[in-house]
Amino acid sequence: MKMVIGFIIGALFGALILGGLLSPMTASADSAAEGMLPDVEKIYREALLSPLYQAGQEIEDEQIAKFYQGLLERSGLDGS
């Protein structure tokens, strides 16, 4: 009976040690993978707003260009 209890305690202790050794490895792997992912939000925003910026650059009338820039600023699409 002592042998069985000793085995169970040893197995639990070994599992705790093994779990403690593996958890920092997975945490560092997650942080390394995070830096490798592209910034999807930035790519999406740039793809959405680049036609608007291009259209603003092609406006020749100063009043219309000023109105258009104001419209982009009021709507929050001015890039800030």
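Note that the structure is a prediction, hence the values are computed from the model and not measured. (Residues numbered from 1 in each chain as written. Predicted model: local features only at pLDDT ≥ 70, side-chain atom pairs only at ≥ 80, totals over all residues. Heavy atoms only, no water.)

Asks: I would appreciate a short explanation of the overall build of the protein in the present structure.
Replies: Helix and strand counts for the protein stand at three helices and zero strands. Start at the N end of the protein and walk to the C end: the helices and strands fall as α-α-α. For the protein, the exposed surface amounts to about 7100 Å²; the carbon and sulfur share of it is 68%. (Helix = DSSP H or I, 4+ residues; strand = E, 2+ residues; numbered from the N terminus. Areas by Shrake-Rupley, 256 points an atom, 1.4 Å probe, with all protein chains shown as cover.)

Asks: Would you mind going over helix α2 (residues 40-57) with me for this structure?
Replies: Since the α-helix advances by 3.6 residues per turn, residues separated by three or four positions end up pointing in the same direction. Taking 1.5 Å as the rise per residue, α2 with 18 residues should run 26 Å; its terminal C-alpha atoms sit 26 Å apart, in good agreement. Along its length, α2 reaches its greatest deviation from straightness, about 35°, at Leu 49, and the proline Pro 51 lies no more than four positions downstream. (Expected span 1.5 Å × (residues − 1). Bend = angle between axes of the 7 residues up to and from the residue.)

Asks: How do you make sense of the environment of Arg 45 when you look at a structure like this?
Replies: Topologically, Arg 45 is positioned in helix α2. Here the alpha-carbon distance between Arg 45 and Leu 77, two residues 32 residues apart in the chain, equals 9.4 Å.

Asks: Is there a simple way to think about helix α3 (residues 62-75) in this case?
Replies: Compared with an ideal rise of 1.5 Å per residue, which puts 14 residues at 20 Å, α3 spans 20 Å between its outermost C-alpha atoms and is within 8% of the ideal. Of all the residues in α3, the buried ones are Tyr 68, Gly 70 and Leu 72. Contacts made by the buried residues of α3 are with α2. The N-capping residue of α3, defined by a side-chain oxygen 2.9 Å from the backbone nitrogen of Gln 63, is Asp 61. Following α3 by one or two positions, Gly 76 has its phi on the positive side, about 85°. (Buried < 20%, exposed > 50% of the residue type's maximum accessible area, 1.4 Å probe, protein only. Contact = heavy atoms within 4.5 Å. Polar contact = N/O pair within 3.5 Å; in protein donor to acceptor, adjacent residues only side chain to side chain.)

Asks: What's the story with a nonpolar patch on the surface in this structure? I'm lost.
Replies: Taken together, the side chains of Val 4, Phe 7, Ile 8 and Leu 12 make up a nonpolar region of the molecular surface, amounting to roughly 430 Å² of accessible area. Mapping Phe 7 onto the fold places it in helix α1 (residues 2-36). Phe 7 sits in the exposed class, given a relative accessible area of 63%. (Patch = residues over 30% accessible without salt bridge, like charges linked within 9 Å, V, L, I, M, F, W, Y side chains within 5 Å. Salt bridge = Lys/Arg side-chain N within 4 Å of Asp/Glu carboxyl O.)

Asks: Looking at this structure, I do not really get the confidence of the model for the protein. What am I missing?
Replies: Parts of the prediction with low pLDDT should not have their coordinates interpreted in detail. For the protein, the average pLDDT comes to 80, and 79% of its residues sit at 70 or higher. The weakest mean pLDDT in the protein belongs to α1 at 72; the strongest belongs to α3 at 91. (pLDDT = per-residue confidence, 0-100.)

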